[in-house]
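# Observations on chain architecture
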Amino acid sequence: MAIIVNLDVQLARRKMTSLELAQRIGLTQANLSILKTGKAKAIRMSTLNEICRVLGCQPGDLLEFVEDDHGTE
Amino acid sequence: MKRVFNSVHVTLWAGRLVAAVVFVLLFTLPTVLQWYGQYRPLTQLESNAITAAFYLCAVAVGIALWNMDSLLRSILNAEVFTHENVRKIRMIRWCCFGVSVICIPAAFCYYPLVFMVLVMGFLSLAVTVVVRVMAAAVEIREENDLTV
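The model shown is predicted, which means the values in this text are computed figures rather than measured ones.

On to the overall build of chain B, then. Along chain B, the regular secondary structure elements total 4 helices and 0 strands. If you list the helices and strands of chain B from N to C, you get α-α-α-α. The globule rule puts the C-alpha radius of gyration for 148 residues at 15 Å, and the 19 Å found for chain B is more than 25% above it. The burial tally for chain B puts 34% of its 148 residues in the buried class. Nonlocal contacts in chain B, meaning residues at least 24 apart in sequence, comprise 72% of its contacts between residues at least 6 apart.

Okay, here's the thing in structure tokens:
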């Protein structure tokens with residue numbers, strides 16, 4: 001996957017647990033885990049908005065593009 | 001959803017009824033051919049061609065009915081858009097195609113079997129479309145499941 005999700009880094013910086021974030025943004029822990037582990041195929045704008053609001057960061061702090069051999073997949 | 005499940009139950013039992021008919025025909029085909037011969041006399045070659053084609057097709061029909069039964073049972077368990085179901089429909093498609101191919105040599109001996117070749121060939125084509133739709137639906141479902 002060429003898009004890296006840096007959610008765990010942002011959580012560690014704020015000393016916040018996944019459970020707390022999930023509860024504050026109204027997402028299940030299972031879905032947050034999908035996002036954290038990079039298994040997610042898409043992210044809703046509303047979810048991104050909530051994460052950025054709760055963590056006080058920019059979408060660019062959470063998502064990072066890394067060139068890999070397989071292009072976008 | 002209850003209405004869908006009811007129609008699935010009807011299809012499930014219709015499939016089992018067809019399986020029972022095929023099973024009975026496995027043992028009674030010579031008698032049925034004799035009875036049919038009273039209305040439309042069959043030569044020995046025609047009779048042999050029908051018998052050989054039927055027994056060969058019965059294998060493909062059995063596999064198709066087994067997959068159909070399994071597919072319908074998984075739908076009843078609310079497991080519709082899965083890779084396993086795509087594989088089952090693909091198998092049914094190959095069985096239809098197989099019946100069509102098996103009937104080709106027999107159709108040279110007994111011409112009405114040409115109808116069977118065409119119908120099963122068309123059916124395998126139609127099921128191919130269903131396979132493509134189902135495979136696309138599985139992709140969409142997976143993407144939907146992995147959207148947070």
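Right, let's talk about the nonpolar core for a bit. Within soluble globular proteins, side chains that are nonpolar tend to cluster in buried spots. Core analysis: the biggest nonpolar cluster contains 22 residues, and B:Val99, B:Cys103, B:Ala106 and B:Leu113 have the highest contact counts within it. Elements supplying a minimum of two residues to this core: helix 1 (2-39), helix 2 (44-76), helix 3 (83-109) and helix 4 (113-145) of chain B. Element by element, the count of residues in this core is highest for helix 2 of chain B, at 8 residues. If we ignore the near neighbours within four places in the chain, the residues touching B:Val99 are B:Cys57, B:Ala60, B:Val61 and B:Met120. In this structure, A:Leu7, A:Ala22, A:Leu48 and B:Val148 belong to the second largest nonpolar core, which totals 20 residues.

So, about the interface of chain B and chain A. Note: interface size is frequently given as the accessible area lost on complex formation between the parts. Between chain B and chain A, the contact holds 5 residues from the first and 10 residues from the second. Around 760 Å² of area is buried between chain B and chain A when both sides are counted, 61% of it from carbon and sulfur atoms. On the chain B side of the contact with chain A, B:Leu146, B:Thr147 and B:Val148 bury the most area, a combined 80% of that side's loss. Taken together, the connections running from chain B to chain A amount to 5 residue pairs in polar contact (both at pLDDT 80 or more). For the side of chain B that touches chain A, a count of residues per class yields 2 nonpolar, 1 polar and 2 charged.

Now for the environment of B:Arg16. Residues and elements named next belong to chain B. In this fold, Arg16 is placed in helix 1. Given a relative accessible area of 30%, Arg16 falls into the partly exposed group. Once the C-alpha coordinates of Arg16 and Trp66 are considered, the two residues, 50 residues apart in sequence, prove to be 9.0 Å apart. The residues contacting Arg16, other than those within four sequence positions of it, are Asp69 and Arg73.

What follows is about unusual backbone geometry. A positive phi angle, close to 50°, is found at A:Lys15, a residue other than glycine. Residue position: A:Lys15 is located in the loop between helix 1 (7-13) and helix 2 (18-25). We classify A:Lys15 as exposed; its relative accessible area is 75%. One non-glycine residue, B:Ala78, lies in the positive phi region at around 65°. When you line up the elements, B:Ala78 lands in the loop between helix 2 and helix 3.

We now examine helix 4 of chain B. All names here are of chain B. Spanning 33 residues, helix 4 covers 47 Å between terminal C-alpha atoms, matching the ideal 48 Å at 1.5 Å per step. Of the positions making up helix 4, those classed as buried are Leu113, Val117, Met120, Ser124, Val127, Thr128, Val131, Met134, Ala137 and Val138. Next to the buried residues of helix 4 lie helix 3.

All names here are of chain A. For helix 2, the set of buried residues is Ser18, Leu21, Ala22 and Ile25. The buried residues of helix 2 occupy an angular sector of 100° when the element is viewed end-on, so they sit on one face. Where helix 2 is buried, its residues meet helix 1, helix 3 (29-36) and helix 4 (45-55). Positive phi appears at Gly26, one or two residues downstream of helix 2, with a value of about 70°.

With that out of the way, let us pick up the pattern of salt bridges. Residue and element names in this part refer to chain B. Scanning the entire structure with this criterion turns up 7 salt bridges over all chains. Here Glu46 ties to Arg40 by a salt bridge, and the two come within 3.1 Å at their closest N and O atoms. Owing to a relative accessible area of 12%, Glu46 belongs among the buried residues under this scheme. Residue Arg40 is classed as partly exposed on the basis of its relative accessible area, which comes to 32%. Residue Arg73 is joined to Asp69 by a salt bridge in which the shortest nitrogen-to-oxygen separation is 2.8 Å. With Arg73 and Asp69 both in helix 2, this residue pair falls 4 residues apart, about one helical turn. Given a relative accessible area of 12%, Asp69 falls into the buried group. Taken together, the salt bridges that share partners define one network made up of Arg16, Asp69 and Arg73.

Rules used in this analysis
- Residues numbered from 1 in each chain as written.
- Chains lettered and ligands numbered in written order.
- Predicted model: local features only at pLDDT ≥ 70, side-chain atom pairs only at ≥ 80, totals over all residues.
- Heavy atoms only, no water.
- Helix = DSSP H or I, 4+ residues; strand = E, 2+ residues; numbered from the N terminus.
- Rg over C-alpha atoms; globule rule 2.2 N^0.38 Å.
- Buried < 20%, exposed > 50% of the residue type's maximum accessible area, 1.4 Å probe, protein only.
- Contact = heavy atoms within 4.5 Å.
- Core = buried A, V, L, I, M, F, W, Y, C linked by side-chain atoms within 4.5 Å.
- Buried area = accessible area lost by both parts, 1.4 Å probe.
- Polar contact = N/O pair within 3.5 Å; in protein donor to acceptor, adjacent residues only side chain to side chain.
- Nonpolar A, V, L, I, M, F, W, Y, C, P; charged D, E, K, R; others polar.
- Expected span 1.5 Å × (residues − 1).
- Arc of directions from axis to C-beta.
- Salt bridge = Lys/Arg side-chain N within 4 Å of Asp/Glu carboxyl O.

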